[in-house]
Amino acid sequence: MTQPPRVPDVDPAATLLFVINAASGRNDPQTTRHVIEEALRAAGRTGELLFARPDELARVAQQAATTACARRSAVVAVGGDGTINSVAQAAHAQGCAMGVMPQGTFNYFARTHGLPADAAAAVQALLRSVPVPVQVGLINEHVFLVNASLGLYPELLQDREAYKARFGRSRLVAFGSALVTLLGTHRQLRLRIEQGATTRDVTTPTLFVGNNRLQLEQVGLPQAHSLDEGCIAAVMLRPVGAFAMLWLLLRGTMGTLGEADTVESFKFHRMLVKPRLAWGRRLVKVAFDGEVSWMRAPLEFRVSPRPLYLLKPLIAAGTSGPEAGGT
């Protein structure tokens, strides 16, 4: 009989390790440092602040997670979705507890779990938190907390980052960049999808896999509740023109995307995706939690058998229902 994973033993007096993306967030690094140190000082606690450039995040997060395990402490991600993903990857691999101070645009993961967006309030919440298991999705063994995708969605993310660099970080800029991308030319993906004994070939501009209930609910997908069952949800679009794509975007903002005839969604535990690639190519552009990367095909999406242990305030931890990435 398989033993359940061990909940990390966190010493309430141990030094917390904060992994801070020096190039991310609403606050400059010195403001972030001041807020964290002031909150820790007021509570009589200590913390180690580890500032990292984007290209250093994975390495710094791995070292911090290893140290957190040795100290019976926790590693805390300070930044947007990409920073949180890097720290989650390390914390999940090491089996240590993880906290979050969100500084992104949408902060779906933090909002789902009732974590404060205000930096000072987030530190105070961390100091009265306990580790709670939350569901993790995997794409080729890489952790994702909110979503993973291929096709049009990674292109949307790349264009969004370019627009944010020019016009600033805001939801209005994100929406505007999406409009521009959707009016462009879209390459159709030809995919072979295997789920257990079932195999089918599909053509779609994008395949989106969600592990966050709040995000799925906001766009109106009925599979949002499947996360309570230990599943994750897939969304595919039938090939449509640019203006039909804009209509789908509008439906998503109105929370009625799941009612569109050109949208297919379903829940699953494991799915193997084999893109039809040009001869000699083996890599596919994918996105996970807001970051764009290249992965070797085929792509395996599945629910991780091991949870991530997220630090949640005692009240939120005691009142939440079945824990999942989107609960």
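Only a predicted model underlies this, so the values are computations on that prediction, with no experimental measurement involved.

## Details of the packing of aromatic side chains
Any pair of aromatic rings gets described here by the distance separating the centres and the angle formed by the planes.
Item 1. The tally for this structure, following the rule as stated, stands at two aromatic pairs.
Item 2. A ring pair is formed by F106 and Y108, whose centres lie 5.8 Å apart and whose planes are at 5°; its orientation type is stacked.
Item 3. On the basis of an interplanar angle of 50° and a centroid distance of 6.2 Å, the ring pair of F266 and F268 is categorised as tilted.
Item 4. The exposure class of F266 is buried, given its relative accessible area of 12%.
Item 5. With relative accessibility at 3%, the residue F268 sits in the buried group.

## Description of the environment of I193
Item 1. Checked against the element boundaries, I193 lands in strand β9 (residues 189-195).
Item 2. Classification of I193 as buried rests on a relative accessible area of 1%.
Item 3. Between the alpha carbons of I193 and K274 there is a distance of 6.4 Å; along the sequence they are 81 residues apart.

## Re the packing of helix α2 (residues 57-71) against helix α3 (residues 81-94)
Item 1. Contact geometry for α2 and α3: axes closest at 8 Å, N-to-C directions at 40°. Regarding the angle of α2 to α3, the classification is oblique. Judged by the sense of rotation from one axis to the other, the crossing of α2 with α3 is right-handed. Within the contact between the two elements, α2 uses L57, A61, Q62, A65, T66 and C69 and α3 uses T83, S86, V87, A90, A91 and Q94.
Item 2. Taken together, the residues of the contact of α2 with α3 sort by class into seven nonpolar, five polar and no charged.

## What to know about the sheet that holds strand β12 (residues 232-237)
Item 1. With respect to topology, six strands assemble into an open sheet ordered β13-β12-β11-β8-β15-β16, the strand pairing being antiparallel. In this open sheet, the two strands that pair with only one neighbour each are β13 (263-268) and β16 (291-296). Here the strands of the sheet are splayed against their neighbours by 25° on average, with no regard to which way each runs.
Item 2. Sheet topology places strand β8 (residues 147-151) next to strand β11 (residues 206-210); five bridges connect them, and they run antiparallel.

## Regarding helix α1 (residues 29-43)
Item 1. Taking 1.5 Å of rise per residue, the 15 residues of α1 would be expected to cover 21 Å, and the 21 Å separating its terminal C-alpha atoms lies within 8% of that figure.
Item 2. Restricting attention to buried positions, one finds in α1 the residues T32, V35, I36, A39 and L40. Down the axis of α1, the sector holding all buried residues measures 120°, keeping them to one side. Looking at α1, the residues exposed on the side facing more than 90 degrees away from the buried face are Q30, R41 and A42.
Item 3. The secondary structure elements touched by the buried residues of α1 are β1 (16-21), β2 (47-52), β3 (74-79), β4 (97-102) and α5 (119-126).

## Structural notes on the pattern of salt bridges
Item 1. Taken as a whole, this structure holds 16 salt bridges when the rule is applied.
Item 2. Notably, a salt bridge pairs D9 with R72, separated by 3.1 Å at the nearest N-O pair. Of the two residues, D9 sits in the segment before β1 while R72 sits in the loop between α2 and β3, which places them 63 residues apart along the sequence.
Item 3. Classification of D9 as partly exposed rests on a relative accessible area of 44%.
Item 4. Given the relative accessible area of 39%, R72 is considered partly exposed.
Item 5. Here E56 makes a salt bridge to R53, at a shortest N to O gap of 3.1 Å.
Item 6. For E56, a relative accessible area of 17% puts it in the buried group.

Parameters at a glance
- Residues numbered from 1 in each chain as written.
- Predicted model: local features only at pLDDT ≥ 70, side-chain atom pairs only at ≥ 80, totals over all residues.
- Heavy atoms only, no water.
- Phe/Tyr/Trp six-rings, centres within 6.5 Å; stacked < 30°, edge-to-face > 60°.
- Buried < 20%, exposed > 50% of the residue type's maximum accessible area, 1.4 Å probe, protein only.
- Helix = DSSP H or I, 4+ residues; strand = E, 2+ residues; numbered from the N terminus.
- Axes fitted to C-alpha atoms, helices over the stretch in contact; angles between N-to-C directions.
- Parallel < 35°, antiparallel > 145°, perpendicular 65-115°, else oblique.
- Left-handed = near helix turned anticlockwise from the far one by under 90°.
- Contact = heavy atoms within 4.5 Å.
- Nonpolar A, V, L, I, M, F, W, Y, C, P; charged D, E, K, R; others polar.
- Pairing = 2+ DSSP bridges.
- Expected span 1.5 Å × (residues − 1).
- Arc of directions from axis to C-beta.
- Salt bridge = Lys/Arg side-chain N within 4 Å of Asp/Glu carboxyl O.

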